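Letter by letter, the chains look like this.
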Amino acid sequence: MAPLIYSALIISLGLGTTMTFASTHWYLAWMGIEINTLAIIPLMAQNHIPRAIEATTKYFFIQATASATLLFASISNAFLTGQWDITHTPYTLTSTLITLALAMKIGLAPLHSWMPEVMQGLNLLTGLILSTWQKLAPLYLIYQIQPNNPDIFITLGILSILVGGWGGFNQVQLRKILAYSSIAHLGWMILILSFSPPLALLTIMIYILMTFSLFSSFMLTRTTHINSLATTWAKVPILTISTPLVLLSLGGLPPLTGFMPKWLILQELTKQSLSPLATMAALSSLLSLYFYLRLSYAMTLTMPPNNPAGTLPWRLNPRHNTLPMALTTTSTICLLPMTPTIMSLLPF
């Protein structure tokens, strides 16, 4: 893709999300989401291979369906209330339709089935954009209407945590595993959104940090299959140490950064007298932890077949800048002691 066109698409991605963030009118917010969708479609189809075209087509139809539902629900809300204000959604039917349309856009269970298939057809950089930046605008709108739908948020959240754990069990493709990881982490964020929006913001920020670090590691080694992880030590030896720690942080193990949001979420749910829900969420996170441990095992404790016909890849200097990956990996591993400071900065 030509650099000028690529730059224009990246700028459009930023413009669409910024427009949604800055709008208080449903139509402008919907327009920002549409700009986002139209900007990422050429990025998804740039490889010109059947799998990428199929993924792009699926993504377009799913997003078109969700956008049509969102526009219909917002028009219905404007007809019933007489105004287009995002925060003014007093009717249960319209707010539920809007929530489900936005849940389909970001891939929350049970509207998640497109997410792993689309991720599998993309390259790692576009998959990173889809897993992080494309979630921000719909999540902002969900945050705006969240006081009206606590029950549906709890249902979507716990279903997403369960589906994200179960779905990744038998996967060997890393992009599908990352898709189910995204579903599970968004489930944690949606689960706590009705009770503590600042904690939901902290959760999505740490999720983006960890996901960026993991995608960067896989892009550096050009790894897309679980069997390829065994050759990481021959390509970039330091990643054999850092990437398993990032994976365990995604799983929520202490003393890593990923433990912080889950710990605070379980604490908040217990304060809200929702101990059974907190217990179910904690047990469901063990499902996700299994495939993170599986990836860590494949990377650190297995070796590729060492036969004369097989040659190990050359250990070449990386061609792209590794400083962002180093910074995010360090943050992903070492931020847990900063929990008291972060809690004092956010209005919990």
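Starting afresh in each chain, residues are numbered from 1 along the sequence in its written order. Selection of residues for local features in this predicted model requires a pLDDT of at least 70, selection of side-chain atom pairs for listing and counting requires 80 or more, and totals for whole chains, interfaces and linings are taken over all residues. Just so you know, side-chain values use all the structure's heavy atoms and leave hydrogens and water out.

The chain carries the name NADH-ubiquinone oxidoreductase chain 2 in an unreviewed UniProt entry, which gives Poecilia sphenops as its organism. UniProt positions are given in the numbering used here, feature names are shortened, and annotations may be inferred rather than shown by experiment. Word for word, the UniProt comment on the chain under Catalytic activity (unreviewed entry) is "a ubiquinone + NADH + 5 H(+)(in) = a ubiquinol + NAD(+) + 4 H(+)(out)".

Glancing now at the environment of T243. Runs of H or I in DSSP of at least four residues are treated as helices and runs of E of at least two as strands, each being numbered from the N terminus. Tracing the backbone shows T243 in helix α12 (residues 239–251). Sequence-wise, T243 and P138 are 105 residues apart; in three dimensions their C-alpha atoms are separated by 29 Å. In what follows, a contact means two residues having at least one pair of non-hydrogen atoms within 4.5 Å. Filtering out sequence-adjacent residues up to four positions away, T243 remains in contact with L214, S217, F218 and M299.

As a further point, take helix α6 (residues 124–131). Exposure is judged per residue with a 1.4 Å probe applied to protein chains only, and the accessible area is read against the type maximum: over 50% gives exposed, under 20% gives buried, and values in between give partly exposed. The element α6 is largely enclosed, with a buried count of seven among its eight residues. Of all the positions in α6, only L124, T126, G127, L128, I129, L130 and S131 are classed as buried. The opening residue of α6, the one whose side-chain oxygen lies 3.3 Å from the backbone nitrogen of L125, is N123. Here a polar contact is recorded for every N or O atom pair within 3.5 Å, except that within protein the pair must consist of a potential hydrogen donor and a potential acceptor, and residues adjacent in sequence are included only if both atoms are side-chain atoms.

Let us look at the side chain of S23. Turning to its location among the elements, S23 is positioned in the loop between α1 (3–22) and α2 (26–44). Among the residues examined, S23 registers a relative accessible area of 5% and is labelled buried. One polar contact links the side chain of S23 to the main-chain amide nitrogen of A29, over a distance of 3.5 Å. Sequence-distant contacts of S23, that is, excluding residues within four places in its chain, are made with L28, A29, I86 and Y140.

Another aspect to go through is the side chain of T221. Mapping T221 onto the fold places it in helix α10 (residues 197–221). Here the side chain of T221 touches S217 through a polar contact of 3.1 Å, landing on its backbone oxygen. Residue contacts for T221: discarding those within four places in its chain leaves T232, K235, V236 and L239.

So, about the domain arrangement of the chain. How big an interface is tends to be expressed through the accessible area that disappears when the partners come together. Boundaries between domains were set according to an automatic or database domain assignment. When the domains of the chain are assigned, the result is domain 1 (1–128) and domain 2 (149–305 + 322–347). Taking only C-alpha atoms into account, the centre of domain 1 sits 24 Å from that of domain 2. Facing the 21 residues of domain 1 at the interface are 25 residues of domain 2. For any pair of parts, buried area is found by adding up, for both, the accessible area (1.4 Å probe) each one loses once the two are put together. Both faces combined, the contact of domain 1 with domain 2 buries some 2,000 Å², and carbon together with sulfur accounts for 76% of it. The largest share of the area that domain 1 buries against domain 2 comes from Q120, L124 and L128, three residues that together contribute 32% of it. Each reported salt bridge corresponds to a side-chain nitrogen of Lys or Arg within 4 Å of a carboxyl oxygen of Asp or Glu. Linking domain 1 to domain 2 there are one salt bridge.

So, on to unusual backbone geometry. Peptide bonds are, in most cases, trans, and in most cases residues other than glycine have a negative phi. The omega torsion across A109 and P110 is 5 degrees, close enough to zero to call that bond cis. With respect to the helices and strands, the residue P110 is situated in the loop between α4 (92–106) and α5 (114–120). Put simply, P254 and P255 share a cis peptide bond, and its omega is 5 degrees. Secondary-structure assignment places P255 in the loop between α12 and α13 (259–271). The backbone of R222 sits at a positive phi, close to 55 degrees, despite the residue not being glycine. Examined against the element boundaries, R222 turns out to sit in the loop between α10 and α11 (232–235). Take R222: its relative accessible area is 66%, and that puts it in the exposed class. Phi angles above zero are rare outside glycine, and S273 is one such case at about 60 degrees.

Here the focus is the packing of α2 against α6. What counts as an axis is a line fitted to C-alpha atoms, over the stretch in contact for a helix, and the angles between N-to-C directions run from 0 to 180 degrees. Here α2 crosses α6 at 160 degrees, and the two axes come no closer than 10 Å. On the basis of their axis angle, the class for α2 and α6 is roughly antiparallel. α6 is crossed by α2, and the crossing has left-handed handedness. Side by side, α2 and α6 meet where I40, L43 and M44 of the first sit next to T126, I129 and L130 of the second. In this count, Pro and Cys sit with the nonpolar residues alongside Ala, Val, Leu, Ile, Met, Phe, Trp and Tyr, while Asp, Glu, Lys and Arg are called charged and the others, Gly among them, polar. Looking at the contact of α2 with α6, its residues break down into five nonpolar, one polar and no charged. Throughout, the term roughly parallel applies to angles under 35 degrees, roughly antiparallel to angles over 145, roughly perpendicular to angles from 65 to 115, and oblique to all others. Each crossing gets its handedness from the near helix: less than a right angle anticlockwise from the far helix is left-handed, clockwise is right-handed.

We now examine the packing of aromatic side chains. Any two aromatic rings considered together are summarised by their centre-to-centre distance and by the angle between their planes. Two aromatic rings from Phe, Tyr or Trp, using only the six-membered ring of Trp, form a pair when their centres are within 6.5 Å; if the ring planes differ by under 30 degrees the pair is stacked, by over 60 it is edge-to-face, and anything between is tilted. Enumeration over the complete set of coordinates arrives at eight aromatic pairs. Pairing F60 with F61 gives two aromatic rings, centres 5.8 Å apart and planes at 65 degrees, and the pair type is edge-to-face. For F60, a relative accessible area of 39% corresponds to the partly exposed category. Judged by centre distance (4.8 Å) and plane angle (55 degrees), the rings of F291 and Y292 are tilted. F291 gets classed as buried once you look at its relative accessible area, which sits at 0%. Looking at Y292, the relative accessible area reads 2%, which means it is buried. Within the aromatic cluster, the residues linked to one another by ring pairs are W166, F169 and Y290.

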